[in-house]
Amino acid sequence: MNAIVRNIPNSITCLNLASGVMAVICAFSGSEALWGLDGFAWAWIFIGIAAVADFLDGFAARALHAYSNLGKELDSLCDLVSFGVAPAMIMFNCLETVGSAEWVRWLVLLIPVAGALRLARFNIDTRQTSEFIGLPIPANAIFWIGYSSLCLEGTGFLADWYCFAAVVIVESWLMVSPVRLFSLKFKTWGWKGNQLRWLLIVTAPVMVLCMGVSGLLWLIVAYLLYGLFDMKK
């Protein structure tokens with residue numbers, strides 16, 4: 001295979017990493033103006049770009065038949081930065097902005113640690129081909145985007161130590177938990193067998209249109225509820 005074609009998926013994966021690093025940088029600008037928006041808004045946007053790149057690298061690898069062990073490991077390393085470290089840095093600076101106690105901010109260290117464990121297990125677990133065991137790390141990042149938005153909107157109790165500590169512990173546990181969740185990989189595009197996938201896709205814009213960025217938190221809550229419903233079946 002042509003070396004250029006073979007490395008297209010890896011190049012897209014590196015875009016994921018670059019976007020994640022940009023999200024970290026922007027998070028430290030906080031509420032300060034940066035390129036026409038505040039730092040938090042740019043951090044959310046760059047995580048969104050990373051998520052698109054994370055989807056496209058797998059799509060490109062399948063379309064070009066350019067699978068490799070290097071690509072698999074590179075994908076996990078990039079995901080840890082974009083969906084583990086970046087949301088942790090958003091929350092670290094968000095908690096400072098809303099006036100949380102200093103020690104509370106350091107609880108964000110649980111997010112990338114749990115994310116690293118989740119990704120390491122995913123790479124050696126042959127059961128996770130059509131479903132996930134534990135909350136996927138991109139979903140973790142989406143949750144924290146919504147959570148940080150709610151905090152910045154003035155929902156003060158979310159930044160109090162008792163609430164944030166409980167949420168970060170539960171969210172981190174979910175990534176390494178035995179909870180089984182459906183993936184968004186479609187084998188066919190029909191309704192049968194994909195009911196929950198299509199329902200989640202429809203839920204996403206509804207949540208965002210109704211609640212703005214904070215709706216992303218409830219999107220992940222909906223994903224977990226749909227997953228639990230799927231397990232009961």
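Notes on the structure follow.

1. Quick look at helix α3 (residues 39-64)
Helical periodicity: at 3.6 residues per turn, an α-helix aligns residues three or four positions apart in one direction.
Here comes step 1: If you check α3, its first and last C-alpha atoms are 37 Å apart, about what 26 residues at 1.5 Å a residue would give, namely 38 Å.
Here comes step 2: H65 occupies a position one or two residues after α3 and carries a positive phi of about 55 degrees.

2. Describing the packing of helix α6 (residues 110-124) against helix α7 (residues 137-152)
Here comes step 1: Where α6 contacts α7, the two axes come as close as 10 Å, and the packing angle between them is 160 degrees. Our classification of the angle between α6 and α7 gives roughly antiparallel. Every residue of α7 that contacts α6 at I111, G115, R118 and L119 is listed here: I137, N140 and W144.
Here comes step 2: The residue makeup of the contact of α6 with α7, split by class, is 4 nonpolar, 2 polar and 1 charged.

3. Looking at unusual backbone geometry
Here comes step 1: One non-glycine residue with positive phi stands out, namely W35, at about 55 degrees.
Here comes step 2: On the basis of relative accessible area, W35 is assigned to the exposed category, the value being 57%.

4. Digging into the pattern of salt bridges
Here comes step 1: Using the criterion set out here, one finds 3 salt bridges in the structure.
Here comes step 2: Where R105 meets E102, a salt bridge forms, and the shortest distance between an N and an O atom there is 3.1 Å. Of this pair, R105 and E102 are both found in helix α5 (residues 102-105), 3 residues apart, which corresponds to roughly one turn of the helix.
Here comes step 3: For E102, a relative accessible area of 47% gives the class partly exposed.
Here comes step 4: Residue E131 pairs with R180 through a salt bridge whose shortest N-O separation is 2.2 Å. Here E131, found in strand β3 (residues 131-133), pairs with R180, found in strand β4 (residues 180-182); they are 49 residues apart in sequence, far enough to count as distant.
Here comes step 5: For E131, a relative accessible area of 25% gives the class partly exposed.
Here comes step 6: Connected through salt bridges with shared partners, the residues E96, E102 and R105 form a single ionic network.

Criteria and cut-off values
Residues numbered from 1 in each chain as written. Predicted model: local features only at pLDDT ≥ 70, side-chain atom pairs only at ≥ 80, totals over all residues. Heavy atoms only, no water. Helix = DSSP H or I, 4+ residues; strand = E, 2+ residues; numbered from the N terminus. Expected span 1.5 Å × (residues − 1). Axes fitted to C-alpha atoms, helices over the stretch in contact; angles between N-to-C directions. Parallel < 35°, antiparallel > 145°, perpendicular 65-115°, else oblique. Contact = heavy atoms within 4.5 Å. Nonpolar A, V, L, I, M, F, W, Y, C, P; charged D, E, K, R; others polar. Buried < 20%, exposed > 50% of the residue type's maximum accessible area, 1.4 Å probe, protein only. Salt bridge = Lys/Arg side-chain N within 4 Å of Asp/Glu carboxyl O.

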